[in-house]
Amino acid sequence: MQYDLLVHNIGQLILPKETTAPLKGEEMKQLMIMENAAFAVKSGTIAWIGSNDEATHIKPLKRINAQKKVVSPGLVDPHTHLVFGGSREHELALKQRGVPYLEILAKGGGILSTVEATRMASEEELYEKASFHLNRFLSYGVTTLEAKSGYGLDPETELKQLQVVKRLQEKFPVSIVSTFLGPHAIPPTYKGNEDEFLEKMVELLDHVRNENLAEFADIFCETGVFSLQQSKYFLQKAKEKGFGLKIHADEIDSLGGTELAVELGATSADHLVAASNKAINMLSTSNTIAVLLPGTTFYLGKDTYARAREMIDEGAAVALATDYNPGSCVTENLQLIMSLAALKLKMTPEEIWNAVTVNAAFAIGKGEEAGTLTVGKKANFVIWDIPNYLYLPYHFGVNHTNSVYIEGTRVWRRNDNV
Ligand code: IZC
Ligand code: ZN
């Protein structure tokens, strides 16, 4: 076959294991890699994978010498709040004075301040701003990500956000999965009438579904936001209407959102810092993926992190994400999250790579398409400026990306002056 591209002289090719379900427990502890590898691309798709020796017989149209570097699938970020107006740098001083996240929200700041800015912004402004940050994600090696709405809290603005995601999907090579997070906070005008607001968001689900604006539905189940009962009501309705389910669960208080996620067969339960023993046990016997967000715990200045070790050791599937948002985790750097996972969640490098590739892809319903490098899959990959896969979480806070390819085409490259 005449291949378009051959990537050869790869020191370590991170595959990871091809699977039809997320990697759980013990499976997460093994990372499938090939040493001295090569692979070929035809029409944007991986067409051949083998040893560097075998590759000497291949005469492609174009070749890339990976110079013994590490190559992995494009990273997958399964939890971001990509589209929003404004920023909240003024809240940093409040945080330094010890004002809790939920108190800032209760006083009309936090999420509600971003809601105001998002309502004021035009669709064009939101699109331009999100584009800038999406490109930054790409520079960190992310080729697939999830993007949530939730800064509108009214039909018009929620749809404006989802429309921006749709335009980004059409315009950018990055693959974007859209999530409707209408019940992200209670708008001040509905204080005391929370159920009425929730009903409005349930009604909006139909429109979102009919217009194909989101694949997943999500809710913020937390003290002072939505109760466990309200979360159950909303997610059940979303399930009936054909949405995949996600939930912001047990981030600050242990309300039982993780247990609810398992009961409803949610694709993922996210945060889980305060998840109970029972919740961890339930996760381990389900296919609901624990999406952990250690950047958020770090940014909120908390000492207690999600119990990743217990989750994995008991047999759960864990993925990692940035939670990129203007309030509780302001970064697009998924590589930094990988370091925090090593340092704070005590995850091993093998578990971490699985958590940002194969498991992250399953956490957004993209397990068949993204997260692994196999013959037949899209040639979305990253060449890393690191000597081996252990190195990435170890050397923290910088960008190790050498170059990023989507469907065999280079979409980002490190400037040699950096
Ligand atoms: O804007 O604060 N936790 N939602 C739930 C967020 C954090 C985003 C924000
Ligand atoms: Zn979030």
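Given the structure is predicted, the values throughout are model-derived calculations rather than measurements. Numbering of residues starts from 1 in every chain and runs along the sequence as written. Numbering of ligands from 1 and lettering of chains from A proceed in the order in which they are written. Per-residue local features of the predicted model are confined to residues with pLDDT of at least 70, and side-chain atom pairs are confined, for both listing and counting, to 80 or more; whole-chain, interface and lining totals are unaffected and use all residues. Heavy atoms from the whole structure form the basis of all side-chain values; hydrogens and water molecules are not counted.

**Q** Is there a simple way to explain the coordination of the zinc ion (ligand 2) in this structure?
**A** For a metal bound by four donors in tetrahedral geometry, the ideal donor-metal-donor angle is 109.5 degrees, whereas six donors in octahedral geometry ideally sit at 90 or 180 degrees. Atoms are scored as donors when they are N, O or S and lie within 2.8 Å of the metal, with 3.2 Å used for Na, K and Ca; no water is included, so coordination may look incomplete. The zinc ion (ligand 2) binds to the protein through His79 (NE2), His81 (NE2), His248 (NE2) and Asp323 (OD), with metal-donor distances spanning 2.0 to 2.6 Å. Each of the 4 donor atoms around the zinc ion (ligand 2) contributes to a set of angles spanning 77 to 162°, which defines the coordination as irregular. As a motif over one chain, the donors of the zinc ion (ligand 2) read H-x1-H-x166-H-x74-D. As far as burial versus exposure is concerned, His79 and His81 are alike and both buried. A site with four donors is called tetrahedral when every donor-metal-donor angle falls between 85 and 135 degrees; four donors are called square planar, and six octahedral, when opposite donors sit more than 155 degrees apart and all other angles fall between 65 and 115; any other arrangement is irregular. Working definition: with a 1.4 Å probe on protein chains only, accessible area under 20% of the residue-type maximum means buried, over 50% means exposed, and in between means partly exposed.

**Q** What am I meant to see in the site of ligand 1 here?
**A** Whether a residue is near a molecule or strand is decided by its heavy atoms; if any one of them lies within 4 Å of it, the residue is near. Contacts to ligand 1 come from Arg88, Tyr101, Ile111, Tyr151, His184, Phe220, His248, Glu251, Asn325 and Ser328. Within the contact set of ligand 1, an oxygen atom lies 2.9 Å away from a side-chain nitrogen or oxygen of Arg88. Whenever a nitrogen or oxygen atom comes within 3.5 Å of another N or O atom, the pair is scored as a polar contact, on the condition that within protein one atom can donate a hydrogen and the other can accept it, and that pairs from neighbouring residues in sequence are kept only if both atoms are in side chains. The separation between a nitrogen atom of ligand 1 and a polar side-chain atom of His184 is 2.7 Å. Calculation of accessible area relied on Shrake-Rupley with a 1.4 Å probe; when residues are assessed, cover is drawn exclusively from the protein chains displayed. Alone, ligand 1 offers 260 Å² of accessible surface; in the complex the protein occludes 100% of this. Think of a 1 Å grid over just the protein atoms. A cavity is a set of points where a 1.4 Å probe fits yet cannot get out, a pocket is an open set with protein on both sides within 12 Å along at least five of seven lines, and lining residues have an atom within 4 Å of a point. If over half the atoms of a molecule are within 2 Å of the grid points of a cavity or pocket, the molecule is regarded as sitting in it. Assessed atom by atom at 2 Å from the grid points, ligand 1 resides in the largest cavity. Throughout, the ten residues Ala, Val, Leu, Ile, Met, Phe, Trp, Tyr, Cys and Pro are labelled nonpolar, Asp, Glu, Lys and Arg are labelled charged, and all others, Gly among them, are labelled polar. Class assignment of the residues belonging to the shell around ligand 1 gives a composition of 4 nonpolar, 4 polar and 2 charged.

**Q** Explanation requested: the sheet that holds strand 10 (residues 244–249) in the structure shown.
**A** At least two bridges found by DSSP between two strands is the condition for calling them paired. Counting from the N terminus, the helices are DSSP H or I runs at least four residues long and the strands are E runs at least two residues long. Strand order in the open sheet formed by 8 strands is 6-7-8-9-10-11-12-13, and the pairing between neighbours is parallel. The open sheet is flanked by strand 6 (75–77) and strand 13 (318–320), the only strands paired with a single partner. Contact definition: two residues touch when any of their heavy atoms are within 4.5 Å. As a rule, the C-alpha atoms of each element are fitted with a line to give its axis, helices using only the stretch in contact, and angles between N-to-C directions run from 0 to 180 degrees. Running at roughly 140° to strand 7 (residues 142–148), helix 5 (residues 123–139) makes contact with strand 6, strand 7 and strand 8 (175–180) of the sheet. Sheet strands touched by helix 13 (residues 334–343): strand 6, strand 7 and strand 13. Its angle to strand 6, the strand with the most contacts, is close to 85°.

**Q** Would you mind showing me how to read helix 5 here?
**A** Counting along an α-helix, one turn takes 3.6 residues, and residues three or four places apart therefore face a common direction. Every helix has an expected span of 1.5 Å times one less than the residues it contains. Compared with the 24 Å implied by 1.5 Å per residue over 17 residues, the 24 Å span of helix 5 between its first and last C-alpha is a close match. Within the span of helix 5, buried status applies to Leu126, Tyr127, Ala130, Ser131, His133, Leu134, Phe137, Leu138 and Ser139. Phi turns positive one or two residues past the end of helix 5, at Gly141, with a value near 95°.

**Q** Would you take a moment to explain a nonpolar patch on the surface for this structure?
**A** A patch consists of residues whose relative accessible area exceeds 30% and which take part in no salt bridge; residues with like charges are grouped when within 9 Å of each other, and nonpolar side chains (Val, Leu, Ile, Met, Phe, Trp, Tyr) when within 5 Å. The salt bridge criterion pairs a side-chain nitrogen of Lys or Arg with a carboxyl oxygen of Asp or Glu, the two atoms within 4 Å. On the surface, Leu92, Phe298, Tyr299 and Val330 cluster together to form a nonpolar patch covering roughly 350 Å² of accessible area. Locating Val330 in the fold gives a position in the loop between strand 13 and helix 13. Residue Val330 is classed as partly exposed on the basis of its relative accessible area, which comes to 42%.

**Q** Sorry, what's going on with empty space enclosed by the protein here?
**A** In this approach, a probe sized like a water molecule rolls over the atoms, and the result shows the empty space that is left. Grid points are joined across faces, edges and corners, and a volume is the space filled by probe spheres set on the points. Per the stated rule, a full pass over the model turns up 3 cavities of 30 Å³ or more. The computed volume of the largest cavity comes to approximately 90 Å³. His81, Tyr101, His184, Asn325 and Ser328 are, among the 13 residues lining the largest cavity, the residues nearest its centre. In this model, the second largest cavity occupies a volume close to 60 Å³. Considering the residues around the second largest cavity, the lining is formed by Pro73, Gly74, Thr143, Thr144, Glu369, Ala370, Gly371, Thr372, Lys378 and Asn380. Of the residues in the lining of the second largest cavity, the class split is 2 nonpolar, 6 polar and 2 charged.

These figures capture arrangement, not role.
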